[in-house]
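Listed below are the residues making up each chain.
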Amino acid sequence: MKPPLSFTDQLELMRNRGLTVGDEELALRRLSETNYYRLRGYWLTYELNGRFIPGTTFDSIWDTYELDCALRTWVWETIAPIEIKARTLFAYHMSMECGALAHEDNRYFKNTIAHAHSMESLTRERNRALRDGVPCVVHNIEKYGNLPIWAAVEIMSMGTVSQLYGNLDSAKSGVAKSIANGFGVKPFILKSWLRHLTYIRNICGHHSRLYNRIMTTRANLLKRDTRHDSDKEFPTFLVLKRIYEQSWPKQWPSRLNGLDATISKHGDVSLQPMRFPEE
C-alpha cells in the first residue's frame, strides 16, 4: 500500500501535477474537511494523462464539488413527493383490489423468490420500527398482530416499494396499471422510473458524487425524450420533469427556477459531463 499523506503533502502532490493553488490556507482547510479521494472524482474533467489541464485551479475543483452538493440536495427534495405518492398509490390500489395484507401474498407477484426478499426487507424495517416505537407500527402489531399495507408502506424503503411494484403480476390484478395511471404512464415506464429514482435517491442519501457519473441503473425515457438518452445524469432530470408535469404541474416552474439558480451560481462549471444539452 502507498503510505498516507498529510494534508500538506496531498496539496503538494496536486501542485506537482499542475494544479494552481491560490489560497493555500483555505485549500488545506478544505482538504481537512473533505477527503482527498472524495474530491478526486471532481477533477476527472480537469485532468489529462495524469496531469491537470493548464489553468486548472483548486477553486475550479471546489466549485464543481459545491455544484454537485447543491444538485444532490435539489434532486433529493424533488424525489421526496414522488416517493410518498408511490407509497400512497401502492397501498391504496393493492388494498382496495386485493385486500389489507395482499402485499404479503406471493400469488399477486411474478417472482416468488424476489417477493420473499422484499418481505425480508419489510420484516427488518418493521422490527426496527418496533424498537423505535413508531406509533402506527406499535398500534397495529398490538391490536391486529400484523401491519395492513397502508401502515406497512410508511416504513418501507423506496427500494422495497419499487421492488414490489416491479414484481406485480398484471395477470393476477390490475394494481400495476392503476398505479401507473396515477402517474400518467404505462406500467413498464413507471417500473423503470421507480427503480432508477431509488438508485438516484441512494446516491444522494449517501452523499455520493452525482456529477459526471455513469448511471448503472438507467431509466426508460418517453418516446419524445429518447434523443436525450444516455448513461449520464440528464435523463434523471427529464424523468423528474415528466413526473411533475403529470402530478404537480403548478409546482414544476418553481422547482425548475431553483435548479436554474443553482446552476447559474456555479456558471463556470460545465454541464456537458452530465449530458445537459447546450440550450
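Since this is a predicted model, take the numbers as computed values, not measurements. (Residues numbered from 1 in each chain as written. Predicted model: local features only at pLDDT ≥ 70, side-chain atom pairs only at ≥ 80, totals over all residues. Heavy atoms only, no water.)

Peer 1: Residues and numbers for unusual backbone geometry, please.
Peer 2: Backbone geometry at Asn49 places phi at a positive 55°, although glycine is not the residue there. Here Asn49 shows up in the loop between strand S1 (47-48) and strand S2 (51-52). Although it is not a glycine, Arg275 sits at a positive phi angle of roughly 65°. Examined against the element boundaries, Arg275 turns out to sit in the segment after helix H12 (252-265). On the basis of relative accessible area, Arg275 is assigned to the partly exposed category, the value being 40%. (Helix = DSSP H or I, 4+ residues; strand = E, 2+ residues; numbered from the N terminus. Buried < 20%, exposed > 50% of the residue type's maximum accessible area, 1.4 Å probe, protein only.)

Peer 1: Got a sec to walk through the nonpolar core? Specific residues and values, please.
Peer 2: Phe58, Met94, Phe183 and Ile200 are the most contacted members of the largest nonpolar core, which has 83 residues in total. Looking at which element gives the most residues to this core, the answer is helix H4 (residues 58-98), with 16 residues. Setting aside chain neighbours within four positions, we find Ile200 in contact with Val75, Ile79, Leu210, Met215 and Thr236. (Core = buried A, V, L, I, M, F, W, Y, C linked by side-chain atoms within 4.5 Å. Contact = heavy atoms within 4.5 Å.)

Peer 1: I'd like to hear about the packing of aromatic side chains, residue by residue, with values.
Peer 2: Summed over all chains, the structure comprises eleven aromatic pairs. Seen in terms of ring centroids, Trp74 and Trp252 are 6.1 Å apart; in terms of plane orientation they differ by 70°. Their pairing is edge-to-face. Of this pair, Trp74 sits in helix H4 while Trp252 sits in helix H12; the two residues are 178 residues apart in sequence, bridging distant segments of the chain. One exposure class covers both Trp74 and Trp252, and it is buried. Among the aromatic side chains, those forming a connected cluster through ring pairs are Trp74, Phe234, Phe237, Tyr244, Trp248, Trp252 and Phe276. Across from the ring centre of Trp248, 5.6 Å away, lies the NZ or CZ of Lys85, which sits over that ring. (Phe/Tyr/Trp six-rings, centres within 6.5 Å; stacked < 30°, edge-to-face > 60°. Lys NZ or Arg CZ within 6 Å of the ring centre and 35° of its normal.)

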